[in-house]
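Geometric and topological summary
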Amino acid sequence: MRVETMVVGPLKTNAYVLVDEPSGEAAVVDPGAAGLRIADALKAAGATLKFILTTHGHADHTGGAFDLRRKAGGEYVVGEGDRGQIESPSSSLAAMIPGFANPPAIDRAVTGGESFEIGDTRIFVIATPGHTPGSVSYLSGQALFTGDTLFQNSIGRYDLPGGDGELELQSIKDKLLTLPDQMIVYPGHGPSTTIGEERANNPFLQGV
Ligand SMILES: [Zn+2]
């Protein structure tokens, strides 16, 4: 699987394009504000979009889904616990961020434990609530997409509607820090890192 990172929108959200090389089937993790740009990139690569996987309902991660789905197709997947936020523009922060299109209708809501296939590549859903009630991470091979749950040297804020700091730390401890050190972490904002580096150096995770 090839992972391409695109930094999109005013909040510099990471949109990830995952392509299963032999089959040309693709998934996008968090289309951010760049639905059209991602659709063009997929077309140029000759890739077929199967899934639009969102880590949580905030508009800086989901805002591009409408254009991307219209242009490239693909099932729109969200965390069940964020359904309310996604369907309410004020709590998805869409109202605060100009230029974001409303997300399309939800095709599938996940709660953790599901998996998706692009060609021979399997992508697993891990429930990591805390940043939002429906926050999820996606794991495929050595790649882990953590949205706004875990960043390099930081963790997601939990003061936004539906946030819960204790739950977020519990999710990181039980679901993410239990993964191997060499697992590559692709966060929703900022540079990629590894589970081992965050276990050793992340100031928010010392002693958890
Ligand atoms: Zn967020």
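The structure reproduced in this document is the subject of the present report. (Residues numbered from 1 in each chain as written. Predicted model: local features only at pLDDT ≥ 70, side-chain atom pairs only at ≥ 80, totals over all residues. Heavy atoms only, no water.)

1. A word on the pairing of strand S3 (residues 25-29)
Looking along a regular strand, one sees the side chains alternate between the two faces of the sheet. Summarising burial for S3: four of the five residues are buried, a large majority. Taking the residues that link successive antiparallel strands as the turn, the strand S2 (residues 13-20)-S3 hairpin has four residues, and the phi of Gly24 there is positive, at about 75°. In terms of strand pairing, S3 meets strand S4 (residues 48-53) through five bridges, oriented parallel. Bridge pairing in S4 places Ala26 opposite Leu49. (Buried < 20%, exposed > 50% of the residue type's maximum accessible area, 1.4 Å probe, protein only. Helix = DSSP H or I, 4+ residues; strand = E, 2+ residues; numbered from the N terminus. Pairing = 2+ DSSP bridges.)

2. What to know about the coordination of the zinc ion
Around the zinc ion, the donor atoms from the protein are His56 (NE2), His58 (ND1), His131 (NE2) and Asp148 (OD), and they sit 2.2 to 2.4 Å away. Here the zinc ion binds four donor atoms, and the angle range of 89 to 170° at the metal identifies the geometry as irregular. Ordering the donors of the zinc ion by residue number gives the pattern H-x1-H-x72-H-x16-D. Of this pair, His56 sits in the loop between S4 and helix H2 (59-62) while Asp148 is found in the loop between strand S10 (143-147) and strand S11 (150-151), placing the two residues 92 residues apart along the sequence. (Donors = N, O, S within 2.8 Å, 3.2 Å for Na, K, Ca; no water. Tetrahedral: all angles 85-135°; square planar, octahedral: opposite > 155°, others 65-115°.)

3. A closer look at the sheet that holds strand S5 (residues 75-79)
Within a sheet, adjacent strands bond to each other through the backbone by hydrogen bonds, running parallel or antiparallel. Sheet architecture is open: six strands sit in the order S1-S2-S3-S4-S5-S6, paired in mixed fashion. At either end of the open sheet lies a strand with only one pairing partner, and these are strand S1 (2-8) and strand S6 (108-110). The average undirected angle you get between the axes of adjacent strands in this sheet is 25°. Each of S1, S2, S3 and S4 touches helix H1 (residues 35-45); the most contacted strand, S1, lies at about 150° to it. (Axes fitted to C-alpha atoms, helices over the stretch in contact; angles between N-to-C directions. Contact = heavy atoms within 4.5 Å.)

4. A few points about the side chain of Thr54
In this fold, Thr54 is placed in the loop between S4 and H2. Among the polar contacts made by the side chain of Thr54, one reaches the main-chain carbonyl oxygen of Val77 at a distance of 2.7 Å. (Polar contact = N/O pair within 3.5 Å; in protein donor to acceptor, adjacent residues only side chain to side chain.)

5. Here we look at the packing of aromatic side chains
Each pair of aromatic rings is reported with the distance of its centres and the angle of its planes. Enumeration according to the criterion identifies four aromatic pairs in this entry. Where Phe145 meets Tyr186, the ring centres are 5.0 Å apart and the plane angle is 15°; that geometry is what we call stacked. Residue Phe145 is located in strand S10, and its partner Tyr186 is located in strand S13 (residues 184-187); the two are separated by 41 residues in the primary sequence. Neither residue differs from the other here; Phe145 and Tyr186 are each classed as buried. (Phe/Tyr/Trp six-rings, centres within 6.5 Å; stacked < 30°, edge-to-face > 60°.)

6. Some remarks on the pattern of salt bridges
Scanning the entire structure with this criterion turns up nine salt bridges. Residue Lys50 pairs with Glu25 through a salt bridge whose shortest N-O separation is 3.9 Å. Placement of the pair is Lys50 in strand S4 and Glu25 in strand S3, with a sequence separation of 25 residues. Looking at Lys50, the relative accessible area reads 32%, which means it is partly exposed. Exposure remark for Glu25: the relative accessible area of 22% places this residue in the partly exposed category. Here the residues in one salt-bridge network are Arg2, Glu4 and Glu21, joined through shared partners. (Salt bridge = Lys/Arg side-chain N within 4 Å of Asp/Glu carboxyl O.)

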